[in-house]
Amino acid sequence: MNIFVFVKRVPDTESKIRINHETKTIVEEGLNFVLSPYDEYAVEEALRLREANGGKVTVVSVGKEEALTTLKKCLAMGADEAVLLKDESPETYDGLRTARIIARAVEQKFSDHNLLLFGKQSVGADNAQVPAMVAELLGLPQVNVVTKLEVKGNQGTAHREIEGALEKVSFSLSAVISAQKGLNEPRYETLKGIMAAKKKEIPVVTLEELGFKDDDILPMLEVIKLESPPQRQAGKIIEDEPQEAAKKLVAFLHEEAKVI
Amino acid sequence: MILVFLEIREGKVKKSSLEVLSEGKRRADELKTEVQAVLIGHNIEGLASEAFPYRASKVYVLENSLLSHYSAASFSQAMHSLVEEVKPEIILFSASAMGKDLAPRLAAKLGVSLATDCIQTACRAGKLEVIRPIFAGKAFVTVSFKGSPQMATLRPNVFPLLEPETKQGEVVKKDVVIPEDQVKGKVEEILREEGAELDVTEADVVISGGRGMKGPENFDLLRELSSIVPHSAIGASRSAVDAGWIDHQHQVGQTGKTVSPNLYMAFGISGAIQHLAGMSSSKHIIAVNKDPEASIFKVADFGIVGDLFQVVPHLKEELKKVLAE
Ligand SMILES: Cc1cc2nc3c(=O)[nH]c(=O)nc-3n(C[C@H](O)[C@H](O)[C@H](O)COP(=O)(O)OP(=O)(O)OC[C@H]3O[C@@H](n4cnc5c(N)ncnc54)[C@H](O)[C@@H]3O)c2cc1C
Ligand SMILES: Nc1ncnc2c1ncn2[C@@H]1O[C@H](COP(=O)(O)O)[C@@H](O)[C@H]1O
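Model, not experiment: these values are computed from the prediction. (Residues numbered from 1 in each chain as written. Chains lettered and ligands numbered in written order. Predicted model: local features only at pLDDT ≥ 70, side-chain atom pairs only at ≥ 80, totals over all residues. Heavy atoms only, no water.)

1. Observations regarding the pattern of salt bridges
Evaluation of the coordinates by the stated rule reveals 40 salt bridges over all chains. In this structure, Lys56 of chain A and Glu81 of chain A form a salt bridge, with 3.5 Å as the shortest nitrogen-oxygen distance. With a gap of 25 residues between them, Lys56 of chain A in strand β6 (residues 56-63) and Glu81 of chain A in strand β7 (residues 81-86) connect regions that are remote in the sequence. By relative accessible area, which is 37% here, Glu81 of chain A ends up partly exposed. Between Glu10 of chain B and Arg192 of chain B there is a salt bridge; the shortest N-O distance is 3.0 Å. Taken together, the residues span a long stretch of sequence, with Glu10 of chain B in the loop between β2 (8-9) and β3 (12-13) and Arg192 of chain B in the loop between β13 (186-191) and β14 (205-209) at a distance of 182 residues. Under the relative-accessibility criterion, Glu10 of chain B is labelled exposed at 63%. With a relative accessible area of 41%, Arg192 of chain B lands in the partly exposed category. A cluster of three or more residues bridged by salt bridges with shared partners is formed by Glu163 of chain A together with Glu7, Arg9, Lys14 and Glu202 of chain B. (Salt bridge = Lys/Arg side-chain N within 4 Å of Asp/Glu carboxyl O. Helix = DSSP H or I, 4+ residues; strand = E, 2+ residues; numbered from the N terminus. Buried < 20%, exposed > 50% of the residue type's maximum accessible area, 1.4 Å probe, protein only.)

2. Things to note about the confidence of the model for chain B
Of the residues in chain B, 99% reach a pLDDT of 70 or more, and the chain-wide mean stands at 95. Across the interfaces of the predicted complex, the ipTM metric reaches 0.95, alongside a pTM of 0.96. (pLDDT = per-residue confidence, 0-100.)

3. Thoughts on the domain arrangement of chain A
Where interface size is given, it is often the accessible area lost as the parts come together that is meant. Its domain assignment divides chain A into domain 1 (2-217) and domain 2 (230-260). With centres defined by C-alpha atoms, the gap from domain 1 of chain A to domain 2 of chain A works out at 44 Å. (Domains from an automatic or database assignment.)

4. Quick notes on the interface of chain B and chain A
Contacts between chain B and chain A engage 92 residues on the former and 81 residues on the latter. Here chain B meets chain A over a buried area of about 7700 Å², counting both sides, of which 58% is carbon and sulfur. Considering only the surface of chain B that becomes buried against chain A, Arg105, Phe135 and Phe302 of chain B emerge as the three largest contributors, covering 10% of it. Taken together, the connections running from chain B to chain A amount to 8 salt bridges. (Contact = heavy atoms within 4.5 Å. Buried area = accessible area lost by both parts, 1.4 Å probe.)

5. Quick look at helix α2 (residues 72-86) of chain B
Note on helix geometry: an α-helix contains 3.6 residues per turn, so any two residues three or four positions apart are oriented the same way. All names here are of chain B. Helix length check: α2 (15 residues) gives 21 Å between terminal C-alpha atoms against 21 Å at 1.5 Å per residue, within 8%. Along α2, the residues classified as buried are Ala72, Ala73, Ser74, Phe75, Ser76, Ala78, Met79, Leu82 and Val83. In the stretch just after α2, Lys87 is the one whose phi turns positive, near 45 degrees. (Expected span 1.5 Å × (residues − 1).)

6. Here's the deal with the sheet that holds strand β1 (residues 2-6) of chain A
As summarised here, the arrangement of the 10 strands in space is β13(A)-β7(A)-β6(A)-β1(A)-β8(A)-β12(A)-β9(A)-β10(A)-β11(A)-β13(B), forming an open sheet in which the pairing is mixed. Edge strands, defined here as strands with exactly one partner in the open sheet, are β13 (204-206) of chain A together with β13 of chain B. Going from strand to strand, the sheet's axes swing by 30 degrees on average, the running direction of each strand aside. Of the pairings in the sheet, the one linking strand β10 (residues 155-162) of chain A to strand β11 (residues 165-172) of chain A comprises 8 bridges and is antiparallel in character. Looking at β11 of chain A, one finds that His159 of chain A is bridged to Lys168 of chain A. Seen against the sheet, helix α3 (residues 97-110) of chain B touches β9 (142-152) and β10 of chain A and runs at an angle of roughly 120 degrees to β10 of chain A. (Pairing = 2+ DSSP bridges. Axes fitted to C-alpha atoms, helices over the stretch in contact; angles between N-to-C directions.)

Dropping the structure here:
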């Protein structure tokens, strides 16, 4: 089985986000970057599928040089190969742009795929778009937000999370799958893995090599403003006898907030 | 024209779709145009009447027996043919599980970009402008669209419903042609937990427990509260989920669900940044925590410093009294 996993380098979830209002971007200085948490589930699932069925796992990222660190981490987890699709532009929040780059690379470089794995959402941009867009651009089936995946031959079934239930979806390979928490428990890198990853070459493919000209992939969303969310005001905090406290709370909910 | 996709669940149009229709109508009035809606499925014509009270002037009904089960590939194809024909300027979906699955597929088919999970919409110079939370709500980005149609999904539970009116509109039925091989990735079955509770993203009140709940059995305390509070659901912090006390479907936060209920109740939750990310857009927040320094109190409208095991039973009695009125 030839599996490709698409991974993104993102600020870790602890990050306090500061904004540069002039450039309408976030301040990257001082942020700690990690492999996007959902992508970690996708990498783990690919490794498990390879262990069960044989084959090869290739991790691919669209981004700046810095994304090489993210790819190295995936290699250290056990991925066989990594490719960087080098894109210098800052975050555009435009899922279609990323999806077009990925789809083009798949057609030109990874056409022997059996499965394309993604995270259900990149932490940060929070688009939850790229997997479905890639599926459409390549004419493949998609199953998003997957908590269980089974593959036999060229058929698969997956459980996909919806509101208060799961959908059981059947599909044929190749397909686009995006991972949700619950799919698996990602493994840690081993020391041996880290050493091996250090030695691996990571080929870098430019957007020109994929046949894009600059104005082919201008973002189609315009960022008008980037701002901090309105701060919540801390309210009333009380330390009373439990019964008294409960009474006051319910009075607040009923009379002031009028929610009960 | 603004076109709104109406999602059907268990034989009804979902409330979150009617919220989108309501917001669509508000923008349509500003743009001096109409809002229309689309239903996709099989034997669903009867549902069109649910959209008229929320001001859809027209409902397109796209039917085909192959559409009786959802598939992003076939639904987006059906919708694409309608969009090519009726040329809406704006297409809106709910950012529900289905909306988030379908909208990007359609956007890619149309070659336009999409804004996900918006919490505010406005019109400027005849165009749509939307605000969406990024970094799990730690920043807000306002975007507009360069292509046409302009496409967005709107977060459930954020946009108010219009007061329904007794209105009629036009039903336009269309038989769509879907080649069988276009049904890629087909829903075979919907699996539901036994006695499944309401989903946290759809509830008016979310009652959440964290590590302070001490064990899975104590979530019953919260379930008892939930059983007396209408339209409530049980949420949890990641610590409670990771401890195996409750299924991850209930997890609220950056790697869980983002909720904006009318009321969020946090019991034994410290208020880590990743948890706040998922719930700080709630309209009201209350917290019970024995640590007066807990971060959750920084966002709570009302907090009780105390032992939840002592407070919750009284809370239940007091709520019962008020709800009985
Ligand atoms: C990549 C990543 C993603 C994450 N995503 C999420 C996410 O989506 N959602 C999420 O919630 N977390 C997430 N986290 C975890 C987060 O950082 C915190 O660890 C977690 O939210 C803590 O859960 P908690 O508040 O239940 O537990 P704790 O922080 O342990 O807090 C327990 C609280 O209970 C109180 N308490 C104890 N006993 C009682 C009692 N008897 N009565 C009253 N109060 C009591 C304590 O005072 C304490 O404040 C994520 C972390 C990472 C690294
Ligand atoms: N720059 C990128 N490089 C590689 N994969 C990406 C990139 N952006 C998004 N993806 C993939 O698409 C998924 C969903 O991302 P998004 O649509 O941005 O929320 C991510 O979890 C990744 O698997």
